[in-house]
Amino acid sequence: MMRARALIAAAVLAAAGCGGTPPERAVSLLVFGDPHELAAYRSLEAAYERADPGTDVRLVEAGDRKDLITRLSTSIAGGKPPDLFLMNYRFYGQFAARDAIDPAGPLLASSRQLREQDFYPQAMAAFQFGGKQLCMPQNISSLVVYYNRDLFRKYRVAEPGAGWTWDDMVATATALTRDANGDVVKGVDFDQPGAAPTGPPPVEYGLAVSPELVRLAPFVWSNEGKVFDDATEPSRIALDGPALEALQNFIDLRGRHGVVPTDQEAESQDDEARFAAGTLGMLMSSRRSTTTFRAIDGFDWDVAPLPVYRTPATVLHSDAYCIPRGAPNKTGAWRFVEFALGKGGAEIMAATGRTVPSNKAVAESPSFLDPNAKPRNAKVFLDSIPTIRAAPTLSTWPEIEDVANDILENALYYNQPPAEVARRLDEQTAPLFARARP
Amino acid sequence: MWRRWGAVAVVAVFLPPLVLLVSGSLHRPGLPPPTTPDLLPDPVTAEGYRLAAELGGLTRATLNSLLVCAIAVPSSVLVASMAGFAMARLPRRVAGAVAALSMVALMVPAVALLVPKFAMFRLMGLTDTLAPLVAPALIATSPLFPLVYYLAFRAVPRELYEACAMEDLTPLRTWWRVGMPLVRPVTAGVGALTFVLTWSNFLDPLVFLYDRELFTLPLALRSLATLDAADFPVFLAGAVLATAPALVVFVVAHRDVRQWRGVR
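Residues numbered from 1 in each chain as written. Chains lettered and ligands numbered in written order. Predicted model: local features only at pLDDT ≥ 70, side-chain atom pairs only at ≥ 80, totals over all residues. Heavy atoms only, no water.

Here the focus is the overall build of chain A. Each helix and strand in chain A was counted, giving 19 helices and 16 strands. The globule rule puts the C-alpha radius of gyration for 438 residues at 22 Å, and the 24 Å found for chain A is close to it. Going through the 438 residues of chain A one by one, you find that 57% of them count as buried. Summarising the internal contacts of chain A: among those between residues at least 6 apart in sequence, 74% fall at separations of at least 24. (Helix = DSSP H or I, 4+ residues; strand = E, 2+ residues; numbered from the N terminus. Rg over C-alpha atoms; globule rule 2.2 N^0.38 Å. Buried < 20%, exposed > 50% of the residue type's maximum accessible area, 1.4 Å probe, protein only. Contact = heavy atoms within 4.5 Å.)

Right, dumping it as structure tokens:
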């Protein structure tokens, strides 16, 4: 009887919210990632709970970015947002424009744990909107070239390094595109009109790069061209002369040089899998690929900076912690941010290999530049930071990317003229720019 | 003869993906994916299944999905059959209007109702529980199912219902003792379809569940889909585990229908 009463009392207390962690000590954090990445967040959560006993971080896990945006949009609109969420700067504009994020600036200004100068300014700037620091960047990755060192040695091709040019990259990719006999060959897409076999098809390609706007942009910038009409307040995609030259060279990688896989080949095996299989010389990707490639034991690999036209340039990849307006426990959320972006938390995330820490001291420490972990040349990510440029923050940016990427995919695989591609980019994205909230 | 060839055609379309699914799940994780289908893995390993359970929390997710289905499917079938029976007893014109309204309800996209549903369950304090996943059973899961029952009950000769009335059977007893046994194949079909809809429901768990311990199978499977390409056997193993119960339910429902037809 006593036991039954105790159980009823416990149930009533739990229903009344009197059991477990008090609400002011619980922090819900919405993140997305693959199971390994989510495991890293769970380690971070456990470390924080050990460092601050009595707190309870509740991870709300989404499988991918689209799931995270669905969860976040619904919970904000439904009046029950999480205390904290992690979001890429290219996708947070829709929430920033709707004033759904509580600015982190004042919290940072009064923080005893974090200072603005602890972080790379390029990452901080990406999360400023309307003159306010809205979110706190967790990482600062950029586009680099992963390359298979064994293939370079096998074909006696010079490894890429700082200052190498676009032409160097094309020559290198050409020398690495080989058929089954090990002879240099140009990959031909037989689905294209007039395409005729010139010999055996390639079994190893020199290069892979995804035909996306954020992959093309750094080469336009490097050629001192413009992607948008206005760098600070873009209202349309307006590729100028140097930009069209960079676009033509990008399209030529498939049509003229045949050094990247065809559309069908790219569909049947994605770029990371092709690289991991040892049949790809170089791959342009961000830091995210590192954890996948660390599982490779069949060959040696490293990273190099992007090739240069006139000025070194690369594109920012960065995620940040944001506190939504209406979050039930803002104080707790900020305390977690202080831990996660401080030395202890940033080192835990750096150990996963997936991120380049936004905290300068941790990024420049052995936690990130571990000489025993690949890539050996990890400093490339840090050396690229001064040349980083960011995509604009617009509420419709995810839609703009989707439309632009489809056009660039057709341009690359169907060898379309750059002027026509530029016209389509402008025409089809103009309504999305117009719809973007200021 | 034509039915046999039809069955062969259906099997030819649907069997190869299943075979590739099972074969892929038995590959060793961590290796680059083969460029062409590799039906006989070398070596054959169940490592993908172990990792799927470990990384995706599939054991817990399967139990949650089974719990939701165990409550939602029978409830949904009961509600759908009662609603269909009631419609069949209405005057034709009124029943037609209700059917038209059901068709309109069928056309409303699920996404359009997401925010109102979230706000409603939040007010009731039921977010982050399994209740929002079971709740659709109270309105028969889909407007389609009462309509299916309506057509089935309408096909029963009117004289039978009149005889039940003369025997002083209440509408509830007529539904349960006379109507339901006569539409048993429909119950098997609606039950199987409700199970598949509930089992594969992704959107509601995505929005309503925060706690990983409450995740259902589609959510857990989604996280495995984001693994690296080299871990494709882990995702495929998870997909096999998620597909198997739906196949079992289909086989049971199919057998049930065949037995019923044999009895007749």
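What follows deals with the overall build of chain B. In terms of regular secondary structure, chain B is built from 13 helices and zero strands. Of the regular secondary structure in chain B, the N- to C-terminal order runs α-α-α-α-α-α-α-α-α-α-α-α-α. By principal-axis analysis of the C-alpha atoms, chain B measures approximately 70 × 60 × 30 Å. Partitioning the intrachain contacts of chain B with sequence separation of at least 6 by distance along the chain shows that 76% fall at a separation of at least 24. On chain B, roughly 14900 Å² of surface is accessible, and the fraction owed to carbon and sulfur atoms is 70%. (Areas by Shrake-Rupley, 256 points an atom, 1.4 Å probe, with all protein chains shown as cover.)

All names here are of chain A. Taken as a whole and assessed by the stated rule, the structure comprises 33 salt bridges over all chains. Between Asp300 and Arg376 there is a salt bridge, and its shortest N-O distance comes to 2.6 Å. In this pair, Asp300 sits in the loop between helix H13 (289-294) and strand E13 (301-304) while Arg376 sits in the loop between helix H16 (360-363) and helix H17 (379-383), placing the two residues 76 residues apart along the sequence. Assessed through its relative accessible area of 46%, Arg376 is described here as partly exposed. A salt bridge links Glu399 to Arg435; its shortest N-O distance comes to 2.4 Å. Taken together, the residues Glu399 in helix H18 (residues 397-413) and Arg435 in helix H19 (residues 418-435) connect sequence positions 36 residues apart. Here Arg435 falls in the partly exposed class, since its relative accessible area comes to 47%. Each of Arg149, Asp150, Arg153, Glu159, Asp300, Lys374 and Arg376 takes part in a single network of salt bridges with overlapping partners. (Salt bridge = Lys/Arg side-chain N within 4 Å of Asp/Glu carboxyl O.)

A separate point is the domain arrangement of chain A. Residues and elements named next belong to chain A. For chain A, the assigned domains are domain 1 (22-140 + 318-383) and domain 2 (142-316 + 394-435). In this assembly, 26 residues from domain 1 lie in contact with 25 residues from domain 2. Note on domain 1 versus domain 2: buried area summed over both sides is about 2300 Å², and carbon and sulfur give 53% of it. Sorting the residues of domain 1 by area buried against domain 2 places Arg90, Lys374 and Phe381 first, and these three jointly supply 30% of that buried surface. Our enumeration of links across domain 1 and domain 2 arrives at four salt bridges. Between domain 1 and domain 2 we count eleven residue pairs in polar contact (both at pLDDT 80 or more) in total. For the side of domain 1 that touches domain 2, the elements supplying multiple residues, two or more each, are helix H4 (93-97), helix H6 (121-126) and H17. Among the elements that take part in the side of domain 1 that touches domain 2, H4 stands out by supplying three residues, more than any other. (Domains from an automatic or database assignment. Buried area = accessible area lost by both parts, 1.4 Å probe. Polar contact = N/O pair within 3.5 Å; in protein donor to acceptor, adjacent residues only side chain to side chain.)

What follows concerns the state of the cysteines. Cysteine pairs can be covalently joined through their sulfur atoms, and such a bond is termed a disulfide. Residue and element names in this part refer to chain A. In this structure the tally under the stated criterion is one disulfide over all chains. One disulfide bridge connects Cys135 with Cys322, the sulfur atoms lying 2.1 Å from each other. Looking along the S-S bond of the Cys135-Cys322 disulfide, the torsion reads about 110°, which is the right-handed sense. Of this pair, Cys135 sits in the loop between strand E6 (132-133) and strand E7 (136-137) while Cys322 sits in strand E15 (residues 319-324); the two residues are 187 residues apart in sequence, bridging distant segments of the chain. Cys322 carries the same exposure label as Cys135, and that label is buried. (Disulfide = S-S within 2.5 Å.)

Here we come to the sheet that holds strand E8 (residues 141-142) of chain A. Residues and elements named next belong to chain A. If you walk across this open sheet you meet the three strands as E8-E14-E16, and the pairing is mixed. Each of the sheet's edge strands pairs with one partner strand only, and the pair in question is E8 and strand E16 (388-389). Where strand E14 (residues 314-317) lies against E16, two bridges are found, and the strand directions are parallel. Directly across from Val315, in E16, lies its bridge partner Arg389. (Pairing = 2+ DSSP bridges.)

So, on to the interface of chain B and chain A. Of the residues lining the interface, 28 residues belong to chain B; the matching set on chain A comes to 25 residues. Interface area, chain B with chain A, both sides summed: about 2300 Å², of which 61% is carbon and sulfur. Three residues, B:Leu206, B:Tyr210 and B:Asp228, lead the burial of chain B against chain A; their summed loss comes to 24% of the area buried on that side. Inspection of the region where chain B meets chain A yields three salt bridges.

Before going further, it helps to examine the pairing of strand E9 (residues 144-148) of chain A. Residue and element names in this part refer to chain A. Counting buried positions over the five residues of E9 gives five, a clear majority of the element. Going residue by residue along E9, you find Val144, Tyr146 and Asn148 tucked away on one face and Val145 and Tyr147 tucked away on the opposite face as well. Pairing of E9 with strand E12 (residues 280-285) involves four bridges; the strand directions are antiparallel. If you follow Tyr146 over to E12, its bridge partner there is Leu283. Across four bridges, E9 lies against E13 in antiparallel orientation. Among the inter-strand pairings, Tyr146 is bridged to a residue of E13, identified as Val303.

To characterise two packed helices, one gives the angle between the axes of the helices and the distance between these axes. Residue and element names in this part refer to chain B. Contact pair helix H3 (residues 58-89) / helix H10 (residues 184-199): the axes reach a minimum separation of 9 Å and the direction vectors enclose 145°. Remark: the crossing between H3 and H10 carries right-handed chirality. On H10, the residues that touch Thr62, Ser65, Leu66, Val68, Cys69, Ala72, Val73, Ser76 and Val77 of H3 are Thr187, Val190, Gly191, Thr194, Phe195, Thr198 and Trp199. Grouping the amino acids of the contact of H3 with H10 by side-chain chemistry returns nine nonpolar, seven polar and no charged. (Axes fitted to C-alpha atoms, helices over the stretch in contact; angles between N-to-C directions. Left-handed = near helix turned anticlockwise from the far one by under 90°. Nonpolar A, V, L, I, M, F, W, Y, C, P; charged D, E, K, R; others polar.)

The grouping of B:Val11, B:Leu15, B:Val19, B:Leu20, B:Leu39 and B:Leu40 at the surface amounts to a nonpolar patch, some 550 Å² of accessible area in total. A residue is classified by how much of its surface remains accessible, and B:Val11, at 44% relative accessible area, is partly exposed. (Patch = residues over 30% accessible without salt bridge, like charges linked within 9 Å, V, L, I, M, F, W, Y side chains within 5 Å.)

What follows covers the side chain of A:Glu37. All names here are of chain A. As for its placement among the helices and strands, Glu37 is situated in helix H2 (residues 35-51). Its relative accessible area of 9% is what places Glu37 among the buried residues. Here Glu37 is in contact with Phe32, Arg288 and Arg354, once residues within four sequence places are set aside.

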